[in-house]
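Listed below are the residues making up each chain.
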Number of protein chains: 4
Amino acid sequence: MHKDELLELHEEMVEIKETFSGYEGVDASVFEPYEELDIDPSHVHKSKSEHKHAVFVLGNALAVAMSEDEFSNAGRISKRMEELADDAGGKL
Amino acid sequence: MHKDELLELHEEMVEIKETFSGYEGVDASVFEPYEELDIDPSHVHKSKSEHKHAVFVLGNALAVAMSEDEFSNAGRISKRMEELADDAGGKL
Amino acid sequence: MHKDELLELHEEMVEIKETFSGYEGVDASVFEPYEELDIDPSHVHKSKSEHKHAVFVLGNALAVAMSEDEFSNAGRISKRMEELADDAGGKL
Amino acid sequence: MHKDELLELHEEMVEIKETFSGYEGVDASVFEPYEELDIDPSHVHKSKSEHKHAVFVLGNALAVAMSEDEFSNAGRISKRMEELADDAGGKL
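About the criteria used
- The residue numbers shown here count from 1 along each chain, following its written sequence.
- Both sets of labels track the order of writing: A upward for chains, 1 upward for ligands.
- In view of the model being predicted, local features appear only for residues whose pLDDT reaches at least 70, and side-chain atom pairs are presented and counted only at 80 or more, with totals across whole chains, interfaces and linings using the full set of residues.
- Neither water nor hydrogens contribute to the side-chain values; these are computed over all heavy atoms in the structure.
- Any two residues whose heavy atoms approach within 4.5 Å at even a single point are treated as in contact.
- Two parts placed together each lose some accessible area under a 1.4 Å probe, and the buried area is that loss summed for both.
- Here, a salt bridge means any side-chain nitrogen of Lys or Arg that lies within 4 Å of a carboxyl oxygen of Asp or Glu.
- Numbered from the N terminus, helices here are DSSP runs of H or I no shorter than four residues, and strands are runs of E no shorter than two.
- For every residue, the accessible area obtained with a 1.4 Å probe (protein chains only) is divided by the maximum for its type, and the residue is called buried under 20%, exposed over 50%, and partly exposed between those limits.
- Pairs of N or O atoms are called polar contacts if they sit within 3.5 Å, as long as, within protein, a hydrogen donor faces a hydrogen acceptor (for residues adjacent in sequence, only side-chain-to-side-chain pairs).
- All residues other than Ala, Val, Leu, Ile, Met, Phe, Trp, Tyr, Cys, Pro, Asp, Glu, Lys and Arg, Gly among them, are scored as polar; the first ten of these are nonpolar and the last four charged.
- By this rule, a helix spans an expected 1.5 Å times one less than how many residues it contains.
- Fitting of the copies onto one another was done by least squares over C-alpha atoms, counting residues only where both copies have pLDDT of at least 70.
- pLDDT: the predictor's confidence for each residue, scored from 0 to 100.
- Each axis is a line fitted through C-alpha atoms, taken for helices only over the stretch in contact, and angles between the N-to-C directions span 0 to 180 degrees.
- For this classification, under 35 degrees means roughly parallel, over 145 means roughly antiparallel, 65 to 115 means roughly perpendicular, and everything else is oblique.
- Any Phe, Tyr or Trp ring, taking Trp's six-membered ring, that has another such ring centre within 6.5 Å forms a pair; planes under 30 degrees apart are called stacked, those over 60 apart edge-to-face, and the others tilted.

## A word on the interface of chain D and chain C
- At the interface, 27 residues of chain D touch 27 residues of chain C.
- Carbon and sulfur atoms make up 66% of the area that chain D and chain C hide from each other, which totals about 2400 Å².
- Of all residues in chain D, Y23, K52 and M66 of chain D give up the largest surface area on contact with chain C, accounting jointly for 25% of the area buried on that side.
- Counting the contacts that link chain D with chain C gives four salt bridges.
- For the salt bridge of D69 of chain C with K52 of chain D, the shortest nitrogen-to-oxygen distance reads 2.7 Å.

## A word on the pattern of salt bridges
- Counted according to the given criterion, the structure contains twelve salt bridges over all chains.
- Among the salt bridges present, the one from K52 of chain A reaches E70 of chain B, with a minimum N-O distance of 2.7 Å. Of this pair, K52 of chain A sits in helix 3 (residues 48–91) while E70 of chain B sits in helix 3 (residues 48–91), which puts the two residues in different chains. Take K52 of chain A and E70 of chain B: they sit in the same class, and that class is buried.
- A network of salt bridges, in which partner residues are shared, links K52 of chain A together with D69 and E70 of chain B.

## Regarding the interface of chain A and chain B
- Between chain A and chain B, the residue contacts involve 27 residues of the former and 27 residues of the latter.
- Between chain A and chain B lies a buried interface of about 2400 Å² when both sides are counted; carbon and sulfur atoms form 66% of it.
- Between the two partners, chain A and chain B, sit four salt bridges.
- At the surface where chain A touches chain B, the tally comes to twelve residue pairs in polar contact (both at pLDDT 80 or more).
- Secondary-structure elements contributing two or more residues to the side of chain A that touches chain B are helix 1 (3–21) and helix 3 of chain A.
- It is helix 3 of chain A that contributes the most residues to the side of chain A that touches chain B, 13 residues altogether.
- A breakdown of the residues in the side of chain A that touches chain B according to their chemical character gives 13 nonpolar, six polar and eight charged.

## Quick word on helix 1 (residues 3–21) of chain C
- With 19 residues, helix 1 of chain C should cover 27 Å at 1.5 Å per step; its first-to-last C-alpha distance of 27 Å lies within 8% of that length.
- Inspection of helix 1 of chain C places E5, L6, L7, L9, H10, E12, M13, V14, I16, K17, T19 and F20 of chain C among the buried residues, and these make up the whole buried set.

## Let's talk about the relation of the copies chain A and chain B
- Once chain A has been moved 0.0 Å along the axis and rotated by 180°, it coincides with chain B to within an RMSD of 0.1 Å. Accordingly, the operation relating the two chain copies is best matched by a two-fold axis. Measuring from the rotation axis to each C-alpha of chain A, the shortest distance belongs to G59 of chain A, at 2.1 Å.

## A few points about the relation of the copies chain D and chain C
- Overlaying chain D with chain C gives an RMSD of 0.0 Å, the required rotation being 180° about an axis along which the chain moves by 0.0 Å.
- In this assembly, 100% of the residues forming the interface of chain D have copies in chain C that are likewise at the interface, indicating an isologous arrangement.

## Some details on the confidence of the model for chain A
- When the pLDDT values of chain A are averaged, the result is 90; 98% of them are 70 or greater.
- Across chain A, the element-wise mean pLDDT spans from 86 in helix 3 of chain A up to 97 in helix 1 of chain A.

## Digging into the packing of helix 1 of chain A against helix 1 (residues 3–21) of chain B
- Contact pair helix 1 of chain A / helix 1 of chain B: the axes reach a minimum separation of 10 Å and the direction vectors enclose 175°. Taken together, the axis directions place helix 1 of chain A and helix 1 of chain B in an arrangement best described as roughly antiparallel. Residues E8, L9, E12, M13, E15, I16, T19 and F20 of chain A of helix 1 of chain A form the contact with helix 1 of chain B, whose own contacting residues are E8, L9, E12, M13, E15, I16, T19 and F20 of chain B.

## Re the environment of I77 of chain A
- Tracing the backbone shows I77 of chain A in helix 3.
- If we skip the residues at most four places from it in the chain, I77 of chain A touches I77 and M81 of chain C.

## Comments concerning the packing of aromatic side chains
- Across all of its chains, the model carries ten aromatic pairs over all chains by this definition.
- Ring geometry for F56 of chain A versus F71 of chain D: centroids 6.0 Å apart, planes at 45°, classification tilted. Of the two residues, F56 of chain A sits in helix 3 while F71 of chain D sits in helix 3 (residues 48–91), which places them in two different chains.
- Three or more aromatic residues joined by ring pairs form one cluster here, namely F56 of chain A, F71 of chain B, F56 of chain C together with F71 of chain D.

Written as structure tokens, this is what we have:
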């Protein structure tokens, strides 16, 4: 990858971070490791490796966000199924 | 997240996949696990969980792609440093 | 990290890969990217960076395996809930 | 996977976390998301999904740790190469 390509990827991933963080009820704290890097797609003088690192952290954060949502969801569904089963048991 | 929000994230991540895959000399095979899911942002009747899975796989693939690039890069730099050191050793 | 520390981590992660792959009904194909690296904890002459890469790939593969299991599980639970709801609907 | 299998994987991954965290000069903060889960392999009454989540977070944290080490390493090598080049330039 050329540097301008990495800057473009970085830019697009920051847009996704913003799209995601704008949703209601999501845990935007998954992007804290990115904020700690203190790098921005406009920092053209930072190295390719630093921008690559930023894209790594952003991609990983998004994957973790999806996974967290699914695991917490599983917990909720499992509780609701038990309640439903209890409820159905009572009625049948 | 609502379903339309997941479809939007999925759509944006597919654009990033295409941006990345269009670059020269990159290993687009990191996205094979996504292709194997056989899901598309236009599949509005698939479940939220399936689209969330797709976004997970795309985010992880991008992170892996950056990491692969960095690790293979490290190998190249390390070899070139040795050559440079040998070369410098000969000249000094 | 020193090289012997990386070799130790690599060794322990290979044991986890084997523990996981020995279970019934799991998708051991998540470890294919590791097999493709063609590296082993006994390859003491390979670089630190290569062993670090191996540990990265193993850790990521295990995370992906857990995530795949959860996402496919969610699909199954969601189908069973619908069946249960239909079934309960018929009986009530 | 059966629950006892997940508990075994969880146990083995905690051992790896301890191996890693015992090394000098490593950034053990990558395991903070695991500590926040407040789950332990001995918590046999927690759900399969919760233990699976724990293994996911541990595997991902280890992968992130390796990646962080490599990216920061790349920064150091790149700086040293420049210094070496300057130094060599002065002597030649």
